[in-house]
Amino acid sequence: MKPIKDVIIIGAGPVGLAAAARLVEKGIRPTIIEKGNAAGAAMHQWGHVSLFTPWSYMIDDAVVSLLNRHGWPGVDLNAIPTGQEVIELYLQPASQLPELAEGILYNTEVFGVSKEGISKHTTQGRDRARFAVHCRNGQGIQVLHSDAVIDASGTWSTPNPLGLDGLPVPGELANLDRVHYGIPDILGAQRGDFMNKRTLVVGAGHSAMNIALDLLKLQTAEPGTEVIWGMRKNNIDKLLGRGINDKVPARKQLGLAAKQAIERGALKLLPQLEIRQITRSDHGLDIDSLVAGTQAEIQADHIIVATGFRPDLDMLRELRLDLDQIVEAPSQLAPLIDPNLHSCGSVRAHGVDELSHNDAHFYIAGMKSYGRAPTFLMLTGYEQVRSIVESLAGNEAAARRVQVRFPGAPEAQSGACCS
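Residues numbered from 1 in each chain as written. Predicted model: local features only at pLDDT ≥ 70, side-chain atom pairs only at ≥ 80, totals over all residues. Heavy atoms only, no water.

In the annotation of an unreviewed UniProt entry, the entry for the protein chain reads Flavoprotein, and the organism field reads Pseudoalteromonas rubra.

Okay, structure coming up:
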């Protein structure tokens, strides 16, 4: 196998930049393609959110090594940053380092990855062909070539819709001015959208909990603000109970706050919510629903959908992938993270072996590697790209010495709580 000389990385987020820093260490030239106008562009959309873990779990050793060479002032490793602080204090300085900056293409979107001159159904010469990455920007369409590709583009741009069947419910797409995905900046830039309005939050995780609590804070200042929290699954006891006993203090605090708000009646909870249709009316949105199997008509001005994300696989259709049909993660990784099977403590560290596909030297890393599973941690992504880059550099033994220290675990180990 010929040596790897250049690698294209899709996405200039934390994992993409970590991959680039690792490649620089090995003397391999990285090119990063970022569809936003700066590093961490997707994170900027939830920059107002405080993370659950401190800086020590948010930074990569190889990136920090590069930063330190250029006089980086560092961060308080015990402090818990917001998303915006991660961008401003870590990602942007890293992206501006001379070792990385010249290889980053901003405002450029990848729409297809293939083998050069070879379509998916062609086998002859496939292993010898370089990758062809098709992208578009303000100058038009261009094709870049490389020996390997790491897709670290994340999942933020492809949120799950409202339907329990994985599809938008009738009326969802027709009312996108009132249906919001992700984590809106309720107490900041988007305050006016939700102030003195009725908002239904849909989701069964910590993001939904965070949104509901922000709406309650807004209600304190603006009493006309109403909030309803709808959970598509009846797992509120598990979610809040875990919050009380959580090893991650910031998340424990969140769970306790939500539990107290529900108990005092400030936060209305709808268990087993199934939205069947959304209709626009003079009063706002009429939401035809079932709550625990019983017909319910809900009226709201806005709906915030916090039901998770899924990977965008369209741009990878010409590659021979090895993906699990349930989780849409690499097939060797999927059993470790499948939410139908996974429980805390069952995820072990993983690397190049679990992330390989049928087309050699193509990898999906970071959040996107977890497909539809919600348990990804940044440290996991950093270890993924460390292992991948060691393999690309020909250091197979180092590539397979995977270990990572998760929050709540006392030391680095090959199996730890997913948190």
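Structure shown, so let's carry the discussion forward.
Engineer: Outline the packing of aromatic side chains, supporting the account with residue identities and numerical values.
Structural biologist: Counted according to the given criterion, the structure contains 4 aromatic pairs. Here the aromatic rings of Trp55 and Tyr90 are separated by 6.5 Å at their centres, their planes lie at 70°, and the arrangement is edge-to-face. On the criterion of sequence distance, the pair formed by Trp55 in the loop between α2 (41-44) and α3 (61-69) and Tyr90 in helix α4 (residues 83-95) is long-range, its members being 35 residues apart. Under the relative-accessibility criterion, Trp55 is labelled buried at 4%. (Phe/Tyr/Trp six-rings, centres within 6.5 Å; stacked < 30°, edge-to-face > 60°. Helix = DSSP H or I, 4+ residues; strand = E, 2+ residues; numbered from the N terminus. Buried < 20%, exposed > 50% of the residue type's maximum accessible area, 1.4 Å probe, protein only.)

Engineer: Can you tell me about the packing of helix α1 (residues 14-25) against α3, naming the residues and giving the values?
Structural biologist: Two numbers describe how α1 lies on α3: the axes approach to 8 Å, and their chain directions differ by 70°. Here α1 is positioned roughly perpendicular relative to α3, judged by the angle of their axes. Relative to α3, the crossing made by α1 is left-handed. When α1 is examined against α3, the residues Leu17, Ala18, Ala21, Arg22 and Glu25 are found in contact with a partner set consisting of Asp61, Ala62, Val63 and Leu66. (Axes fitted to C-alpha atoms, helices over the stretch in contact; angles between N-to-C directions. Parallel < 35°, antiparallel > 145°, perpendicular 65-115°, else oblique. Left-handed = near helix turned anticlockwise from the far one by under 90°. Contact = heavy atoms within 4.5 Å.)

Engineer: Tell me what's going on with the packing of α1 against helix α12 (residues 378-392), and back it up with residues and numbers.
Structural biologist: Relative orientation of the contacting elements α1 and α12 amounts to 30°, with a least axis distance of 9 Å. Taken together, the axes of α1 and α12 are roughly parallel relative to one another. Judged by the sense of rotation from one axis to the other, the crossing of α1 with α12 is right-handed. Judged by residue contacts, Pro14, Val15, Ala18, Ala19, Arg22 and Leu23 of α1 engage Met378, Gly381, Tyr382, Val385, Arg386, Val389 and Leu392 from α12. Here the contact of α1 with α12 is built from residues that sort into 10 nonpolar, 1 polar and 2 charged. (Nonpolar A, V, L, I, M, F, W, Y, C, P; charged D, E, K, R; others polar.)

Engineer: Talk me through the pattern of salt bridges; I want residue IDs and the actual numbers.
Structural biologist: On inspection of all chains with the given rule, the structure shows 14 salt bridges. What you see here is one network of salt bridges that share partners, running through Asp6, Arg29, Arg130 and Asp147. (Salt bridge = Lys/Arg side-chain N within 4 Å of Asp/Glu carboxyl O.)

Engineer: Before we move on, could you go through the confidence of the model for the protein chain and cite the residues and values that matter?
Structural biologist: Summing up the model confidence of the protein chain, the mean pLDDT is 90 and the portion of residues at 70 or higher is 89%. Considering only residues more than four positions removed or in separate chains, one finds that residues 410-419, a stretch of pLDDT under 50, has 33 contacts. (pLDDT = per-residue confidence, 0-100.)

Engineer: Describe the nonpolar core, and please don't skip the residues or the numbers.
Structural biologist: In terms of nonpolar packing, the biggest core is built from 83 residues, with Val7 and Tyr90 touching the most fellow members. Ranked by residues supplied to this core, first place goes to helix α7 (residues 206-221) with 8 residues. Counting contributing residues, this core receives three or more from each of domain 1 (6-157 + 309-400) and domain 2 (172-305). In contact with Tyr90, other than residues within four places in its own chain, are Trp55, Met58, Ile59, Asp60, Val63, Val64, Leu67, Trp72, Glu85 and Tyr382. Counting residues in hydrophobic clusters, the runner-up holds 18 residues, among them Val179, Ile228, Leu270 and Ile275. (Core = buried A, V, L, I, M, F, W, Y, C linked by side-chain atoms within 4.5 Å. Domains from an automatic or database assignment.)

Engineer: Please give an account of α4 that cites residues and values.
Structural biologist: The largest bend along α4 measures about 25° and falls at Leu89, with the proline Pro93 one to four residues further on. Considered for burial, the residues of α4 that qualify are Gly83, Gln84, Val86, Ile87, Tyr90, Leu91, Ala94 and Ser95. Looking at the buried positions of α4, the neighbouring elements they touch are α1, α2, α3, α5 (98-101), β3 (104-105) and α12. (Bend = angle between axes of the 7 residues up to and from the residue.)

Engineer: Help me get a handle on the pairing of strand β1 (residues 6-10), residues and values and all.
Structural biologist: Of all 5 residues that make up β1, 5 are buried, and the element is covered over most of its length. Neither face of β1 is exposed, since Asp6, Ile8 and Ile10 on one face and Val7 and Ile9 on the opposite face are all buried. Taken together, the 5 bridges between β1 and strand β2 (residues 29-33) define a ladder with parallel strand orientation. Considered in β2, the bridge of Ile8 is made with Thr31. Regarding the hand of the β-α-β motif, the stretch spanning β1, α1 and β2 is right-handed. (Pairing = 2+ DSSP bridges. Right-handed = clockwise from strand over helix to strand, strands pointing away.)

Engineer: If you had to explain the sheet that holds strand β4 (residues 109-115) to someone new, which residues and values would you point to?
Structural biologist: Spatially, β4-β5-β6 is the arrangement adopted by the 3 strands of the open sheet, whose pairing is antiparallel. Of all strands in the sheet, those bounded by a partner on one side alone are β4 and β6 (140-146). Ignoring which end each strand starts from, the neighbouring axes of this sheet average 25° apart.

Engineer: Now, about the sheet that holds β1: what can you tell me, with residues and values included?
Structural biologist: In space, the 5 strands of this open sheet follow the order β3-β2-β1-β7-β17, with parallel pairing throughout. Each of the sheet's edge strands pairs with one partner strand only, and the pair in question is β3 and β17 (362-364). Across 2 bridges, β2 lies against β3 in parallel orientation. Paired with Ile32 across the strands is Ile104, a residue of β3.

Engineer: Residues and numbers for unusual backbone geometry, please.
Structural biologist: Phi is positive for Asn107, which is not a glycine, with a value near 50°. For Asn107, the location among the structural elements is in the loop between β3 and β4. Given a relative accessible area of 47%, Asn107 falls into the partly exposed group. Of note in the backbone geometry, Gln272 takes a positive phi value of approximately 50° without being a glycine.

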